Amino acid sequence: MVDRYRVWLGAGVLAGGVSAAMLAGAGVAAADDGASSDTQTRASSNAGGADDTGTTTSDTTTSEAKKDDSKKDDATKDADAKGDATKDDADATDEDAEPPDLDASAQEPTKKPRTKTWGIGKHRAPEEDTEAAPASDAAPPAELETEQPAATPLGRHALRQAQPSTYALSVDTDLGSADGAVVMRLAAAEAPPVTPKPTLLEVLNTISTKFYDFYTDAMQFFAGPVRAPFGSTVRVESSTLTIGGHKDVPADWYFPDTDTPAGLIYLQHGFLANASFYSATAAYLAEKTSSVVVVPTLTWNFFDVDNYPLEWPATGRAIADLFTGDRAALTASARAAGYEGDLPTRTVLAGHSAGGGLIAMVGRYMAEAGNTDDLAGLVMFDGVGTLSFLAQDLAKIPLSVPVYNIAADPSRWNWYGDTNRKLDLVRPGMFTGVTIKGGHHADGMQTTAPIVQYFAYLAMGHSSPVDVLANRVLAVGWINDMLEGTHTAGLYDDKTSTWNIVTGWWWGQMTKATTRRAHTLAG
């Protein structure tokens, strides 16, 4: 409010100064006209002598000149007052002094005609103040070059324009313009990055991943390239298998020496293991069942939930999807491993330890999807359910699909026989497998890498050759019956001993060899 009062007061003073200047200018003009007239009268009177009143021309002229001088002094004072008022108003309204100009007749600098701009509030009205210079025959002097200062806005709005707000530039920036986008990008680049604190799962995953990588790399170093046992007719190749539609995992393929495989066996490793730990077991199954065997390597770090760990139900669902439809992922992996034929449709799921719990989940999800027509059966090598609900998984599998378990003596490795108890609960009165007295958890995990086998025995106990052979005989006999729909006597007696199993298998092999020899001699 005080600022507006000062502006209006300055405007009033300035208007008064203009009025005074106009009056003074009129007086000066009148004095100039009087002087010219007296001069002419004096010129004529000098010719005659004196005027009618008896007063000489010189006296009259002197008296008029004094009056003119008095008027000029008054005009000068008014002009000075006008200048002071104008100076005060210029200080209040930031008006600059007028540039000088040259008068055409007197060849003396005088004020150049200008256009004044009076600013009152936010409305402005132009007012012209021009004086016509008298014509003269003399050549006009060169114009003085002057620089007109830029008009400065008045009031509080002028301060806002002179000092733009940083907040307005940062918030009201037009994002559609290139400059605005640059400003916003620079502001984003200068902002410090926000690093969220890791969750407990991420911390545990980091620690477990480091241990997993170190352990797996060391075991793979000792295992070396995957290979079949000496004297085996099975060809072993490696490739990758895509699960879940996007995750590629290593996979070892075992192809029997036949053009028409009887089936496809999916063999899953257990906890603290990988596919190379089962090279001898997988080769034996492929050769004795004439089936294609695939052994993928999954992470057993159950904190690594994004990469399908061995124990998670999501992994069981992803594996079940491999056997849905045209089984494109399995076919592509077999082609990458050098297999040119069509994969068999009849499928057997097999798994050791935690891998046994995983194939139970796979069987469940295949049953829920209505995809058990080609599922011939499940074989567990001392299977263990870890993070899964093993009893619920087994209960979802149709009773027409056989599920057998070759168990070792109860120990912490097989959760003290927990799988056998759940099989008896879910499938009461049915044959669900055998328990090998004195057997160890590593009986079904046989590899061609001696150092790896030694570490396995060191951790889980040394397996006897008879127990190892009994595991192989039972597994091969059950899988052949599953694929062919037969029932071999002596393989489904849970009261028998490993010696009976081994000798019965040996006698059966001798009988088959004798029969083949007899047919050859007869032919």
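Quantities reported herein were computed from a predicted structural model and do not represent experimental measurements. (Residues numbered from 1 in each chain as written. Predicted model: local features only at pLDDT ≥ 70, side-chain atom pairs only at ≥ 80, totals over all residues. Heavy atoms only, no water.)

Quick look at unusual backbone geometry now. Positive phi is not limited to glycine here, since Leu272 has a value of about 65°. Along the chain, the position of Leu272 falls in the loop between β7 (264-268) and α7 (279-289). Positive phi outside glycine occurs at Tyr416, with the angle close to 55°. Mapping Tyr416 onto the fold places it in the loop between β11 (403-407) and α12 (418-426). (Helix = DSSP H or I, 4+ residues; strand = E, 2+ residues; numbered from the N terminus.)

Another aspect to go through is the confidence of the model for the protein. Model confidence for the protein is summarised by a mean pLDDT of 76, while 61% of its residues fall at 70 or above. Here residues 1-7 scores under 50 on pLDDT; set against residues more than four positions off or in separate chains, the count is four contacts. Across residues 81-125 the pLDDT falls below 50, and counting only partners more than four positions away or on other chains, this stretch makes 68 contacts in the model. (pLDDT = per-residue confidence, 0-100. Contact = heavy atoms within 4.5 Å.)

Take the side chain of Thr448 next. Within the secondary structure, Thr448 sits in the loop between β12 (433-435) and α13 (450-460). Looking at Thr448, the relative accessible area reads 18%, which means it is buried. Not counting the four nearest positions on each side in its chain, Thr448 is found in contact with Arg227, Ala228, Pro229, Ser279 and Ala280. (Buried < 20%, exposed > 50% of the residue type's maximum accessible area, 1.4 Å probe, protein only.)

Now for the packing of helix α6 (residues 200-223) against α13. Relative orientation of the contacting elements α6 and α13 amounts to 130°, with a least axis distance of 7 Å. Considered as vectors, α6 and α13 are oriented oblique to each other. Counting all contacts with α6, which are made through Met219, Phe222 and Ala223, the residues of α13 involved are Ile451, Val452 and Phe455. When grouped by side-chain class, the residues that make up the contact of α6 with α13 number six nonpolar, no polar and no charged. (Axes fitted to C-alpha atoms, helices over the stretch in contact; angles between N-to-C directions. Parallel < 35°, antiparallel > 145°, perpendicular 65-115°, else oblique. Nonpolar A, V, L, I, M, F, W, Y, C, P; charged D, E, K, R; others polar.)

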